[in-house]
Amino acid sequence: MRGRNGLGESHWNLTGQTGCHIISQRGGNQAGEPRVTKPERKSRIVSGPIRDVVKAALKRVIAPRFRPVARAAYRKIRYFGFSYKCPFCGSGLRRLFPFGSAMPVLTQQRVVGGGWRPNSVCPVCGSFDRERLLYLYLLHESDLFTKPVRLLHVAPEERLKRILSRSSNIHYVSADLLALDVMVRMDITRIPLPDASFDVILCNHVLEHIVDDQRALGELLRVLKPGGWSILQVPISLALQATYEDFLVTTPHGREEAFGQNDHVRIYARDYDARLSGAGFQVEVFRWAAKAEKFGGGRNLFSLIVEERIYVARKPGAI
Ligand SMILES: [Zn+2]
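Residues numbered from 1 in each chain as written. Predicted model: local features only at pLDDT ≥ 70, side-chain atom pairs only at ≥ 80, totals over all residues.

**Considering the overall build of the protein chain**
Looking only at helices and strands, the protein chain has 9 helices and 15 strands in total. Within the protein chain, the proportion of its 319 residues that are buried is 43%. Within the protein chain, counting contacts between residues at least 6 apart in sequence, those at least 24 apart form 65% of the total. (Helix = DSSP H or I, 4+ residues; strand = E, 2+ residues; numbered from the N terminus. Buried ≥ 20, exposed ≤ 12 C-beta atoms within 10 Å, placed from the backbone. Contact = placed C-beta atoms within 7 Å.)

**Let's talk about the nonpolar core**
Residues Val154, Val200, Ile201, Cys203 and Leu220 are the most contacted members of the largest nonpolar core, which totals 69 residues. The contact partners of valine 154, leaving out residues within four places of it in the chain, are Ala175, Ile188, Ile201, Leu202, Cys203 and Val206. (Core = buried A, V, L, I, M, F, W, Y, C linked by C-beta atoms within 7 Å.)

**Details of unusual backbone geometry**
Backbone geometry places alanine 155, a non-glycine residue, at a positive phi of 45°. If you trace the backbone, alanine 155 turns up in the loop between strand E6 (149-154) and helix H6 (158-165). Given 26 C-beta atoms within a 10 Å radius, alanine 155 is considered buried. The backbone of histidine 205 sits at a positive phi, close to 55°, despite the residue not being glycine. The topology assignment puts histidine 205 in the loop between strand E9 (198-203) and helix H7 (213-223).

**Side note on the confidence of the model for the protein chain**
Looking at the protein chain as a whole, the pLDDT averages 85, with 85% of positions reaching at least 70. A low-confidence stretch, residues 1-43 stays under pLDDT 50, and its non-local contacts, those more than four residues away or across chains, total 103 contacts. (pLDDT = per-residue confidence, 0-100.)

**Details of the pairing of strand E15 (residues 309-314)**
Looking down a regular strand, the side chains alternate between one sheet face and the other. A large share of E15 lies buried, amounting to 5 of its 6 residues. Note that strand E10 (residues 224-231) and E15 share 3 bridges and pair antiparallel. Note on E15: the bridge partner recorded for serine 230 is alanine 313. Looking at chain direction, strand E14 (residues 282-287) and E15 are connected through 6 bridges and run antiparallel. (Pairing = 2+ DSSP bridges.)

**Topic: the pairing of strand E1 (residues 80-85)**
Sheet topology places E1 next to strand E2 (residues 92-93); 3 bridges connect them, and they run antiparallel. Following the sheet pairing, lysine 85 is matched in E2 by glycine 92. Counting the residues that bridge the hairpin from E1 to E2 gives 6 residues, and of these glycine 90 lies at a positive phi of roughly 75°.

**A look at the sheet that holds strand E8 (residues 184-185)**
Pairing is mixed in the open sheet, where 7 strands are placed in the order E8-E7-E6-E9-E10-E15-E14. Looking at the sheet topology across the chains shown, the edges are occupied by E8 and E14. In the sheet, E6 pairs with strand E7 (residues 170-176) via 6 bridges, with the strands oriented parallel. Residue valine 154 lies in a different strand from E7, and its bridge partner there is alanine 175. Where H6 meets the sheet, it contacts E6 and E7, and its direction lies at approximately 150° from that of E7. (Axes fitted to C-alpha atoms, helices over the stretch in contact; angles between N-to-C directions.)

What follows is the structure, encoded as structure tokens:
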């Protein structure tokens, strides 16, 4: 089983042994159109049997390898507008696809990056709001594209992977527990790589799946070079002061009720940066709204999550 669905969301393992597929189970398809836990308002140009006939006819005349391109071109026109813009594919959009879980705990605990969002997924390329923020951060606020670096990309976001792996200055290494299309298959709590191997590590929305997240953080710190930096995004509750975890909750249903997703083992909270510091990192928290100009301004042109912050965790020492 793969560790990632067609939408590029990660499904890291809970225990380091087995993978879970909450987002695949909930929905999503290779075309990039997610199913969600709230009903999506339909606005199809044609619907029902006519649509099926048209689709079948198009399938007959378009070769399989050209279908993704044809689909993207169609959606670029269908969703064209001036409200939003995707920094990955450059599409001007009137709306995006909704995505996320509507579990009550995510709303009650004000979990940023976890709950249902009405304009989350680019209908043309499938980029997620979280992925767009990460890309814009790397582009505008880091030196990632300016000098030679060795980069480890854990549970890689699909569109970001494409860009980073093709950048001539980046020695790119992708890794995942289950996905087949990565360069290293590994358990993040036992990384099979030497100490101080990387200048940069991207490991997003993985730690909330791992019981022994401190051990995973220790491994990430170990393979990072002194002075190197990582981005370690997780869903975070703005309502909770302390991270909530209860290892007596072990069933998928129980975890969904308690943590908002059936393969999550905790809800991180306002103490997340302290947890990273406790593992040995120097932590910087970046708030994109403070630099809104490059991030889409007050109108939120790139449809980012307004309260999302970037957690940059650096290994102490000189580069
Ligand atoms: Zn896009």
